[in-house]
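So you can see what is in the structure, the chains are spelled out below.
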Amino acid sequence: MSEIHTIDEQMLVAFYRNLYFARRFEETLADMFRRGEIDGWLHSGIGQELVGVILGVTLQAHDYIVPYHRSKATFLARGVPPRALIAEILGRQSGICGGVGGEAHAADVSHGIFGSTGVIGAALPLALGAAFVQLYRHTDGIAVCGFGDGATTQGSFHESMNLAALWNLPIVFICENNLYSEMTPLSKEMKETRIAKKAEAYGMPGIAVDGYDLDATYTVLQEAIARARENQGPSLIEVKTYRWHGHYEGDPEEYRDKNEVEAWRARDPLPLLRARVHDQGILDSQQLLDLEKNFEDLLSEAVAFAKASPYPTPENLLSNVYATNTSA
Amino acid sequence: MSQLSYRRALTQAIDEEMARDAGVFLIGEDVADSGGAFGLTRGLLAKYGEMRVRDTPISEEAIVGLGIGAAALGLRPIVEIMFMDFIFLAMDQIANHAAKMRYMYGGQVHIPLVVRTLSGGGFRAGMHHSQSLESVFGHIPGLKVVMPSDAYEAKGLLKSSIRDPDPVIFMEQKSLLGAKVEVPDNDYLIPLGVAKVRRTGSDVTIVAIGIMVSHTLQAAEELAQEGIEAEVVDARTAMPIDSDTILNSVKKTNRLVVAHEAPAPFGFGAEIAALAAEKALYYLDAPVIRVTSKFTPIPVGRSEDYILPGKKDIVEAVHRAIKGG
């Protein structure tokens, strides 16, 4: 990283709005899950929203993003309607994937979000394809691929890093290192836990950054994005971050110390950013309260919409296996 | 129209489709500079350039995943997996992503991807260079599986596969690479999911796929010497299955033999036998008989000939079918 990039007032507000909303969105989902209103599983991204917010706000419309699997923040900051995202997570017809994909497999190609998958590590090869499309079409668009520390022990990570560097693909790999692969600490998953260092083996820059430091994370991401956009090749960014909830909602979390969780929570970037927006005189207290109130209304409306939406019909469930009229 | 080898028919199909559609590109191990391990892609790099014809590292999972991503976002990738046995390295991408992506994203994308791969015996190269895995892929919703039985079929089916909006596993039959038949020089397509009656007959239906079609046609000539007229149906695609053509033939001949090079359990033959049992049971005068490889890995060298099925096995199966099992 060279010098810290300055974040202008307009962007600071955009970051605050999206960070606040992503947090409330995640909290709302967690509450709904506890009340038994969500089928299947929920993998909370609370505590890790900042990266998705920065990407969602700063990427260009023609860039593709393969989101980190917990990152509802990416979808929301990219402009996906919250009602359609909640509906998808609830498995309803009005969801962004018609209620068939659900939380882990949600995508919205019209917002450049593609490649979500329930298989850890599988996103990287798919993201190579998105980057290759940009290269092939000679656009200045890029691809960004998010994944967790657990994905770096998959063969697909090694293959994809090598190929991206070899072909000079316009891609940024972003590893959100939250210190645990599901319920197992990093030190039990890999000998070398400095993930950014691995980039060197593939011939690309690798940079680690504190994911709770907005300015540092913003700067590192902007430099990697610019590098990809200018056809200087891929980068690996290791964002050191932390999830406040378990691997899944309901996880008893016996594998980690409560003090560790509290130490990260104490560094929460959300109130820091709120104070900054206020103290710099960008928004006053009333404006902040109004903004937050609007989001509460938006959330309530989105939840009500999703809950009132029908489940997919049998006809829906038998569609889209093939693009052509094909049956066994 | 000219005599063309299976190998050159495949090259011609790729060439014509690359000329026709700027979104078609080809990647794989050794496909560009060296023109393919068996020369199937020779000349394409010089003609279309290195953006569209690319050598890749030995990274099956990454290159198939790249193909899926590019296909979902509007290109038409052809990814070559040198031998079908190596396709297991890309299994997550094919089975969990190429096959399911359209469905799981609610129809937002389609995946016009072709995975070309050499399959089957004939080179006596052993268990890691000889398998036919059509039933593995036919079992997964979302995939199509194509097995061309000669050079004419190879060209028409590959061109259709490249234009198809769905992911296709295209199994090139390696023991047919040098075999020549009449192939039109012009553009023609063979639709996916439409079987072809290669020989008409009234005594028994033999449904064959891939390399087994040529063995079956030879067996049918031999059977004709004995006065047995076999109807030979080239299934062409293991998925989709052309049920109508197969059932119409069975209803006419009342006897069914199915021939494929893969082993019997959970195989294409089991599927066709089930189809006959479900839809044409009362037309059958004899049990359905399957001609398949033995249920072993494929050994190296001439021992392969003992394990894989051939013309003799088909003739024997027909004799059993005529006798009533």
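Residues numbered from 1 in each chain as written. Chains lettered and ligands numbered in written order. Predicted model: local features only at pLDDT ≥ 70, side-chain atom pairs only at ≥ 80, totals over all residues. Heavy atoms only, no water.

Caption draft 1: Quick look at the domain arrangement of chain B. Residue and element names in this part refer to chain B. By domain assignment, chain B separates into domain 1 (2–183) and domain 2 (196–322). Of the residues lining the interface, 28 residues belong to domain 1; the matching set on domain 2 comes to 28 residues. Here domain 1 and domain 2 share an interface that buries about 2000 Å² over both sides, 53% of which is from carbon and sulfur atoms. Among the residues domain 1 hides against domain 2, the three largest losses belong to Arg124, Met147 and Ser149. Together they make up 28% of the total. Applying the counting criterion to the domain 1 and domain 2 interface returns 4 salt bridges. Where glutamate 153 meets lysine 196, a salt bridge forms, and the shortest distance between an N and an O atom there is 3.3 Å. Our count for the contact surface shared by domain 1 and domain 2 stands at 15 residue pairs in polar contact (both at pLDDT 80 or more). Of all the secondary structure elements, the ones that give two or more residues to the side of domain 1 that touches domain 2 are α6 (134–138), β6 (144–146) and α7 (151–163). Residue classes in the side of domain 1 that touches domain 2 are distributed as 11 nonpolar, 12 polar and 5 charged. (Domains from an automatic or database assignment. Contact = heavy atoms within 4.5 Å. Buried area = accessible area lost by both parts, 1.4 Å probe. Salt bridge = Lys/Arg side-chain N within 4 Å of Asp/Glu carboxyl O. Polar contact = N/O pair within 3.5 Å; in protein donor to acceptor, adjacent residues only side chain to side chain. Helix = DSSP H or I, 4+ residues; strand = E, 2+ residues; numbered from the N terminus. Nonpolar A, V, L, I, M, F, W, Y, C, P; charged D, E, K, R; others polar.)

Caption draft 2: Representation of the pattern of salt bridges. All names here are of chain B. On inspection of all chains with the given rule, the structure shows 42 salt bridges over all chains. One salt bridge in this structure joins lysine 159 and glutamate 17, with 2.8 Å as the shortest N-O distance. In this pair, lysine 159 is assigned in helix α7 and glutamate 17 in helix α1 (residues 6–20), connecting sequence segments 142 residues apart. Classification of lysine 159 as buried rests on a relative accessible area of 1%. (Buried < 20%, exposed > 50% of the residue type's maximum accessible area, 1.4 Å probe, protein only.)

Caption draft 3: Structural detail: the interface of chain A and chain B. With 45 residues of chain A in contact, the opposing surface of chain B contributes 52 residues. For the pair chain A and chain B, the summed buried area comes to about 3700 Å², and 66% of that belongs to carbon and sulfur atoms. Between chain A and chain B we count 0 salt bridges in total. Counting every contact that joins chain A to chain B gives 24 residue pairs in polar contact (both at pLDDT 80 or more). Top element by residues in the side of chain A that touches chain B is helix α5 (residues 123–136) of chain A. It accounts for 9 residues. A breakdown of the residues in the side of chain A that touches chain B according to their chemical character gives 26 nonpolar, 16 polar and 3 charged.

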